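Examination of the molecular architecture
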Amino acid sequence: PSCGFTNRTFLRFVNPQLDGAMALVIDTGAANIGSIMTTLAALGGNPRTTTDAAEVREALLVVLPGVGAFGPAVEQLRKTGLFAALQARMAQGKATLCVCLGLQLLAAASEESPGVQGLAVFPDHVYRFPENVRHPQQGWNKVTADPRCRILQSGYAYFSNSYALRSTPLGWSSAESEHGCLFISALERGLVVACQFHPELSGSLGQGILQRWLAAGRASAAAPTPPLVKSGLCRRIIPCLDVKNGRVVKGIKFQNLRDAGDPVEQAKRYEESGADELVMLDISATTEGRATTLEVIRNLRAAIRMPITVGGGVKSEEDASQLLQAGADKVAMNTAAVTNPQLLSEVCRRFGAQCTVLAIDARHKRTQSGEEVPDAWEVVVRAGTEGTGIDVIEWAKKGEELGAGEILLTSFDRDGTRSGYDTALLKAVSSSVNIPVIASGGASRPEHLVEALQAGADAVLAASIFHYGEYTIEQLKSELVSEGYPIRVDNMLSKKQQQQHSTTNRQCVVPHLIFPDEAGLLTKYTLAGEVCLSINGTGPEHFTPDLHKVLKSASCRVCAPFNTVESVLALLNKGAARVVLDANSPLAPQMAELPSDRVVLDATVRRGDDGGWVIMTHPALEYMKSAAECVSHIQLNFDGEVDHIALSGWAAELAGTLQLTLKVQKLPPAATIATLDAQGVEVLIGAKLLETEDDAFADVLAAPLTTDRPDGLWPTMIVDERGVGLGLAFSSAESMRVAVRRQQGVYQSRTRGLWIKGESSGNVQTLKEIRYDCDRDLLCFVVQQTGAGFCHRDTFTCFGPESGLPHLMSVLKQRRASAPEGSYTKRLLDDSKLLADKLVEEAIELSQATDRDHVAAEAADVMYFTLVACAKAGVELVDVERELDYRSLKVSRRPGNAKPAFIAAALQQTQKHANGTAPSADSAPPEPSAPQPETPASAVPQGTGPFLRMIKAAEVPALHRDPVDPKALEIARGILNDIRTGGEEALVSTAVRLGDIKEGEQYIYTPEQLKAVFESLSAKEQGILQRTAERIRKFAQAQRDSLSDSCIVKVPGGEAGQLVAPVEVAGCYAPGGRYPLPSSVLMGAVTARVAGVETVWVASPRPAPIVLGAAHVAGVDGLLAVGGAQAIGAFAYGAGRVPVCDAVVGPGNKFVTAAKSLVAGSLAIDMLAGPSECLVLADDTAEPKVVAADLLAQAEHDVAARSILVSTSKDLIAKVDAEVGRQLQTLPTAETAAVAVSKNSFAVLAASLEEGIDIANRLAPEHLEVHMDHVLDVVPRLKHYGGLFVGHNAAEVLGDYGAGPNHTLPTGGTARSYGGLSVHNFLRPRTWLRVDDLKAAQEMVQDAVDLALCEGLHGHSRAAQLRLLSGTAASKATFVATNEFDI
């Protein structure tokens, strides 16, 4: 089942009581129970046959199969005592399934056996179908179930019957079908189900019915896709397997036989592709006097569910019985029936006409001179080796009289010739009998099947047309549907729904060229997309500059004599799209060292000793599955004729894991290419083959195209090399040929015929590539457009003016030619120095930008000046994109570190900005350094420095910076107002607008979804999250345990006290930003849970899987995948499933901080955090490398972060500064850290330890690290900090990542007033007062009266006065407060 359960698991899932329950199948002695037994076993029904009446009476599940005649079946049931047992269990409503004749037996009587009484479960009678339709009804028919049915459903089912119930019995639900009249195709009452059709042979419909019945009616399943066909009995398409010695063979008229594969594998493929039945003929059984191999039939039945007809070697009733018991549904007789016609009657009498097929091999009668006699045929036997002189028409009539239920009619004149069915023979036979006729012999095209049905055939049988991959069954069915024939399409539709008529291929044909011999053809054949180049040589010396030039200009997979892995990598680095390695290459075992998506394995497929396909010495499919771990493509060369059935099966099995490419030795027909493309198989065709016929290449490219347009044209989208849409046109086979021939944009006008673009206007197009969409009903021409453009209005596109970068590039190109004097663009184009300065200046400003709008604005500046440089050099946008694509193919990459000169320059430029001076337009740009070799990071030279600004103690600025940005505050205010009034709708629209989510994207994750993500993480990631959470939980629990839940104090006349309780709902924010921050999720949500918060939500924009996993570990109730002020608004006011929160905590950007400041009056917040900061207090015992790393760890957070070093050692400060410079050169986040270090950070040389401690206390930093000797003497003197890290080993980063203490800490000097996030942020101290003895409280009451009057609050005073006592009564009075606290 699609849900992932095995069939047995499915039963246990829907009905635990049925797991292991045995389904008893009644062995009537006549029924072919092999199919039903196999299907029930596959569905977990645990079937067993029985003839024991007691078992049948008491069993949980019983199946009554039935074939043959009504009277003999009743007689057999009475003889075994089963008749009464079945009546008893029916009366009790026990789960019983009756199949085919089994349904008829429930009736009171049947027209088939007058005078014989049935089980009489209902009083209705069974009648024969009208005489104007085929008898028996043999094949697939539409079933329409009553909506009230719980087990039965509508769809297509396989029937084999001549008699049927005509009306629904009282108290039953039913399904109806039509065959000359409406009849009851199935019945249902409680757990009793009866099917006139064979559910075990009826595909998904039948399996669904069996599953629901096995589950005792308590399971539900989705209804199958409603079929398109509205007629009754469907025409059938039947593949045929000619089998010899257990292998499929093929020849002409059973001569010159050759191996064609494994029958089971081919049968499975046929069923999957939509076949209605299968015929298996053991073509050697009769001539060699052997019985048909029962083992093959058993294997077939175990593998497929569609009906199977078996012929060959059936000489007796017992032979037929063995075949049916093995799993056949029908037996076909030819030679034996001619020799002993009564055999047909015997088989029909015992098993029924629906199981009896008369196979007739027909050959034209001939005159003595050898000429064919018109409209006269004789019966031939023994695989066509003997003529009988029997007239085919008369024999067909006789066979019907003897009891045959179907005729398999093979034209021996046409068999294997691919010239079409003998329609004259079909007309003659089908018009002479009233039983179904199957046409066989000669089909090779869809029109042959249409002709056979027009001639009167009820079904069409074929072999070669399928085996050689010329057409799929789905294609043939589509053809027959289009001709108006009723065809079973439910299984075909299912396949369409899964694949949506699409292919996984990007291109269907890969041209193969020899390099350099055929290099001149490269431009032509790159129209197909990627090409394959075979290097004509024997060593790496053939990897010439010419080859490298080709690789840079075209997408090529290269087949070459590679000697080492390094030579492969070198070619990939030069731009090869892929490399082709021979399976026998000595490099093959080292494929794992290569990028798998860039390797094509070339393998030869040949027949193994057992007749199966092998690669080297391994079964082919097994080898390919193994290879899929190391390569993305496998290129197959068949040693001999291509086995299209095997190839189709491999493609289906490997879909999504391995791209198959078929290397052909001769030019395939267009239909074969289309079929292979539909299966996801590329075809590799040599240029020599494509050059042998005029326009062969164009026809090959057009092969997979389809259209539903009446004029047969293909819609064609035209784009330029950057993918910009120019317009829409149409193509035909003829226009494709001319376009490929001329390598030019040529189309088919719907009114004017062939349209050669630009022929009159001069706006010609150079054709670069021809692409398809995945459905193959839309072409895409990639062109290089010249002149004014594509549109007839002389615009570049038909879709209006250009915009964005293409428009800017066009303007700059115009300005290059005619820029007005004095314009800024003219200055930039003429002044190289000015342009260089602006490029550097804008790049630095971009590196400093933080918020979304700022980054966009600075990026626009950089792009403008970059395109000016491109226009000046004559570089097009497509040239830049092509260079990026080329670089993306490199597999050996440089470290990507900034060059030292440019790091220093960036720091200097940033410092100028920090000091309020902008770089001068006249200042010389930094000299570019020499190209850097690809050396290890440790070998990168040291930067220039100093990096940390040195200041005196008196110059140390206060850390306080208002964390609320005024502009951010106004933006946040607007967002909060929107969400407060618009709720969830406003939240979603804001999140989409600001880029948190895309339209329609998921933005809330449930606990179940979070758990699923967590379980998808690696074991290592899961362990990290769980261990970190546990440390945070342990520390938070210690905090919680340090608090008392309550305290009580005696007051005059009573008591007062305090209760500590958590808030009910908390929202925890975790930043998104550059990197996922699962630690912030754990710090907030785990702490809230320990505090006892009942409902905990997390908000984090664009959450990575590890963030979602952290939310699961923290035990949150939901995650909102939205950030910024919009997330805070959702927490503050509620939005859809997001609840209103009582507390909101967690760090965020300036918009989060601004929003928290605005909602702080209505809920609790932890703090208003600003940019992060770290102060390191160190002496000369500190390790400079470690101190520098700790400072940079803080600086990489944000360009506004601040790292401070305070030390009494000038030497330490110098060494740390040098380390900062060295480490910046290899730090991946150096762009951010360098700005933070130069702009905000500094070092202080303290005159003494006391001065250093005083600086630290004055600054009250978020993080304070102490790297000193005798550190424990220093710690008591440190008063103000968010988090203290004591000693050389206690790095701030350990606090960040879950040592235990929370990493959400006060910033900007606010540590003098606030502490970090803890359980306290989620707790509320609630006080209470109780006065029991009012007399004892009189002094306190009088003070309250007087103090209220002092404050002018007379209402307060009066409320207290009412509690003053006077006289005798007062001495007895008491006031008891309501005890809501249970104290």
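Residues numbered from 1 in each chain as written. Predicted model: local features only at pLDDT ≥ 70, side-chain atom pairs only at ≥ 80, totals over all residues. Heavy atoms only, no water.

A few points about the nonpolar core
Counting residues in hydrophobic clusters, the biggest one holds 86 residues, and the most contacted among them are Met624, Leu647, Trp650, Leu660 and Phe781. Discounting residues that sit within four places of it in the chain, methionine 624 has contacts with Ile615, Ile634, Leu636, Trp650, Leu654, Leu658 and Leu660. (Core = buried A, V, L, I, M, F, W, Y, C linked by side-chain atoms within 4.5 Å. Buried < 20%, exposed > 50% of the residue type's maximum accessible area, 1.4 Å probe, protein only. Contact = heavy atoms within 4.5 Å.)

Quick notes on the pattern of salt bridges
Across all of its chains, the model carries 58 salt bridges by this definition. Note that glutamate 394 is salt-bridged to lysine 397, the shortest N-O span being 4.0 Å. Linking glutamate 394 with lysine 397, this pair stays in helix α13 (residues 392-402), spanning three residues, or about one helical turn. Given a relative accessible area of 48%, glutamate 394 falls into the partly exposed group. Within the structure, one salt-bridge network assembled from shared partners comprises Arg236, Glu277, Lys330 and Glu406. (Salt bridge = Lys/Arg side-chain N within 4 Å of Asp/Glu carboxyl O. Helix = DSSP H or I, 4+ residues; strand = E, 2+ residues; numbered from the N terminus.)

Quick word on the sheet that holds strand β45 (residues 1065-1069)
What the six strands build is an open sheet, ordered β42-β47-β46-β45-β48-β49; its pairing is mixed. The sheet is open, and its two borders are formed by β42 (1004-1005) and β49 (1164-1165), each paired with just one other strand. Of the pairings in the sheet, the one linking β45 to strand β46 (residues 1095-1099) comprises five bridges and is parallel in character. What sits directly across from alanine 1066, in β46, is valine 1096. The sheet contacts of helix α37 (residues 1078-1091) involve β45 and β46, and relative to β46 the element is tilted by about 170°. (Pairing = 2+ DSSP bridges. Axes fitted to C-alpha atoms, helices over the stretch in contact; angles between N-to-C directions.)

Quick look at the sheet that holds strand β55 (residues 1323-1331)
Pairing is antiparallel across the open sheet formed by three strands, whose spatial order is β43-β44-β55. Across the chains shown, the open sheet's two edge strands, defined by having one partner strand only, are β43 (1046-1051) and β55. In this sheet, neighbouring strand axes are inclined to one another by 20° on average, regardless of whether the strands run parallel or antiparallel. Note that β43 and strand β44 (residues 1054-1062) share six bridges and pair antiparallel. For serine 1046, the partnering residue across the bridge sits in β44 and is leucine 1059.

Quick word on the side chain of aspartate 276
The topology assignment puts aspartate 276 in the loop between α8 (263-272) and β16 (278-282). At a separation of 2.9 Å, a polar atom in the side chain of aspartate 276 contacts the main-chain amide nitrogen of isoleucine 237. Ignoring sequence-local partners within four residues, the contact set of aspartate 276 consists of Trp140, Arg235, Arg236, Ile237, Met306, Pro307, Lys477 and Arg488. (Polar contact = N/O pair within 3.5 Å; in protein donor to acceptor, adjacent residues only side chain to side chain.)

Here's the deal with unusual backbone geometry
Note the cis peptide between histidine 135 and proline 136, where omega equals -5°. Within the fold, proline 136 resides in the loop between β6 (125-128) and β7 (137-145). Of note, the bond from phenylalanine 515 into proline 516 is cis; its omega dihedral lies within 30 degrees of zero at 10°. When you line up the elements, proline 516 lands in the loop between β25 (509-515) and α19 (522-525). One non-glycine residue, arginine 1102, lies in positive phi territory at about 45°. Mapped onto the secondary structure, arginine 1102 falls in the loop between β46 and α38 (1105-1114).

Details of the packing of α37 against α38
Contact geometry of α37 with α38 gives a least axis separation of 9 Å together with a crossing angle of 15°. When the axes of α37 and α38 are compared, the pair comes out roughly parallel. α38 is crossed by α37, and the crossing has right-handed handedness. Each of Pro1078, Val1081, Leu1082, Ala1085, Val1086 and Arg1089 in α37 lies in contact with α38, whose residues at this interface are Ile1106, Val1107, Ala1110, Ala1111, Val1113 and Ala1114. The residue makeup of the contact of α37 with α38, split by class, is 11 nonpolar, no polar and one charged. (Parallel < 35°, antiparallel > 145°, perpendicular 65-115°, else oblique. Left-handed = near helix turned anticlockwise from the far one by under 90°. Nonpolar A, V, L, I, M, F, W, Y, C, P; charged D, E, K, R; others polar.)

Side note on the side chain of threonine 990
As for its position among the elements, threonine 990 is in helix α34 (residues 966-993). Look at threonine 990 and you get buried, because its relative accessible area is 3%. One polar contact links the side chain of threonine 990 to the main-chain carbonyl oxygen of alanine 986, over a distance of 2.7 Å. Every residue in contact with threonine 990, bar those within four places of it in the chain, is listed here: Ile975 and Gln1126.

Re the environment of glutamine 1026
For glutamine 1026, the location among the structural elements is in helix α36 (residues 1019-1041). With 86 residues separating them in the primary sequence, glutamine 1026 and histidine 1112 have C-alpha atoms 9.9 Å apart. Not counting residues within four places of it along the chain, the set of residues in contact with glutamine 1026 comprises Phe1014 and Val1113.

Details of the confidence of the model for the protein
Across the protein, pLDDT averages 85, with 88% of residues at or above 70. Predicted confidence for residues 1-20 stays below pLDDT 50, and this span has 36 contacts to residues more than four positions away or in other chains. Every residue in residues 1367-1383 is under pLDDT 50, and counting partners more than four places away or in other chains gives 18 contacts. (pLDDT = per-residue confidence, 0-100.)

Considerations on the state of the cysteines
By definition, a disulfide links two cysteine residues through a covalent bond between their sulfur atoms. The full count for this structure, using the stated rule, is zero disulfides. Cysteine 556 carries a free sulfur, and the closest cysteine sulfur to it, the one in cysteine 532, is 8.9 Å from it. Of the residues examined, cysteine 556 reaches a relative accessible area of 0% and is grouped as buried. Its sulfur unpaired, cysteine 791 is 3.8 Å from the next cysteine sulfur, which belongs to cysteine 798. Accessibility expressed as a relative area gives 8% for cysteine 791, which makes it buried. (Disulfide = S-S within 2.5 Å.)

Thoughts on the environment of phenylalanine 197
With respect to the helices and strands, the residue phenylalanine 197 is situated in the loop between β12 (192-195) and α7 (203-214). Sequence separation of phenylalanine 197 and leucine 101 is 96 residues, and the distance between their C-alpha atoms is 9.1 Å. Ignoring sequence-local partners within four residues, the contact set of phenylalanine 197 consists of Val99, Cys100, Val143, Ala157, Tyr158, Phe159, Ser185, Ala186, Ser202 and Ile209.

Examining helix α41 (residues 1184-1195)
The end-to-end C-alpha separation of α41 is 16 Å, in line with the 16 Å expected for 12 residues at 1.5 Å each. Listing the buried residues of α41 in full gives Pro1184, Val1187, Ala1188, Asp1190, Leu1191, Leu1192, Gln1194 and Ala1195. Buried residues along α41 sit against β50 (1173-1178), β51 (1202-1207), α42 (1210-1226), α43 (1230-1240), β53 (1263-1267) and α46 (1292-1296). (Expected span 1.5 Å × (residues − 1).)

As for the pairing of strand β24 (residues 459-462)
Here β24 shows a buried face lined by Ala459 and Leu461 and a second buried face lined by Val460 and Ala462. Pairing of strand β13 (residues 236-244) with β24, which is carried by four bridges, proceeds in the parallel orientation. Following the sheet pairing, proline 239 is matched in β24 by alanine 462. Two elements, strand β23 (residues 437-440) and β24, share two bridges in a ladder whose sense is parallel. In the sheet register, alanine 439 faces β24, and the bridge partner there is valine 460. In the classification by handedness, the crossover that spans β23, the intervening helix α15 (residues 446-454) and the parallel β24 is right-handed. (Right-handed = clockwise from strand over helix to strand, strands pointing away.)

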